[in-house]
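Observations on the three-dimensional arrangement
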Amino acid sequence: MAITDADSVATADWMCIRVHESGDRYNSAAAPDGAYGILLSTWRSFGYSGWPYEAPGSVQDRVALELYGRYGFRPWSSRFSCGL
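The sections below set out a description of the structure shown in this document. (Residues numbered from 1 in each chain as written. Predicted model: local features only at pLDDT ≥ 70, side-chain atom pairs only at ≥ 80, totals over all residues. Heavy atoms only, no water.)

This part covers the pattern of salt bridges. Evaluation of the coordinates by the stated rule reveals two salt bridges. For R18, the salt bridge is made with D24, and the minimal N-O distance between the two is 2.8 Å. Looking at R18, the relative accessible area reads 7%, which means it is buried. Note on D24: relative accessible area 29%, which makes it partly exposed. For E66, the salt bridge identified is with R70, shortest N-O distance 3.0 Å. Of this pair, E66 and R70 both sit in helix α3 (residues 57-71), four residues apart, which is roughly one turn of the helix. Overall, E66 belongs to the partly exposed group, its relative accessible area being 37%. (Salt bridge = Lys/Arg side-chain N within 4 Å of Asp/Glu carboxyl O. Buried < 20%, exposed > 50% of the residue type's maximum accessible area, 1.4 Å probe, protein only. Helix = DSSP H or I, 4+ residues; strand = E, 2+ residues; numbered from the N terminus.)

See below:
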C-alpha cells in the first residue's frame, strides 16, 4: 500500500510543510506552534492545553493529519511554497 499525505506525515509534502512552518522542529520553544505551525486556537479546539511544541511529535502529527482530513492543505499558507 502506498503512503499518502492523508494517512502519513512521512511524505515529501509534509516534510516541506514542516520545514517552512518550523524548520522541521517539533519541540522547540523557538517554534511554539510546533512542527506544523498549528495555531493555538486550533490546538485548543482539539481539546489540548499548553503549546503545540510541548506535545509529543505523534500528537502533533495526529492533529495535522486530522486537519488535512478536514481541509486538505488549505490551513497551511506554506502550501504555496511547497507547490500544494
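Looking now at the nonpolar core. Counting 17 residues, the largest nonpolar core has W14, I17, Y36, W43 and W76 as its most contacted members. Looking at this core, the elements that each hand over two or more residues are α1 (12-22) and α3. The element contributing the most residues to this core is α3, with four residues. Setting aside chain neighbours within four positions, we find W14 in contact with D5, S8, V9, Y36, A64, L65, Y68, F73 and W76. (Core = buried A, V, L, I, M, F, W, Y, C linked by side-chain atoms within 4.5 Å. Contact = heavy atoms within 4.5 Å.)

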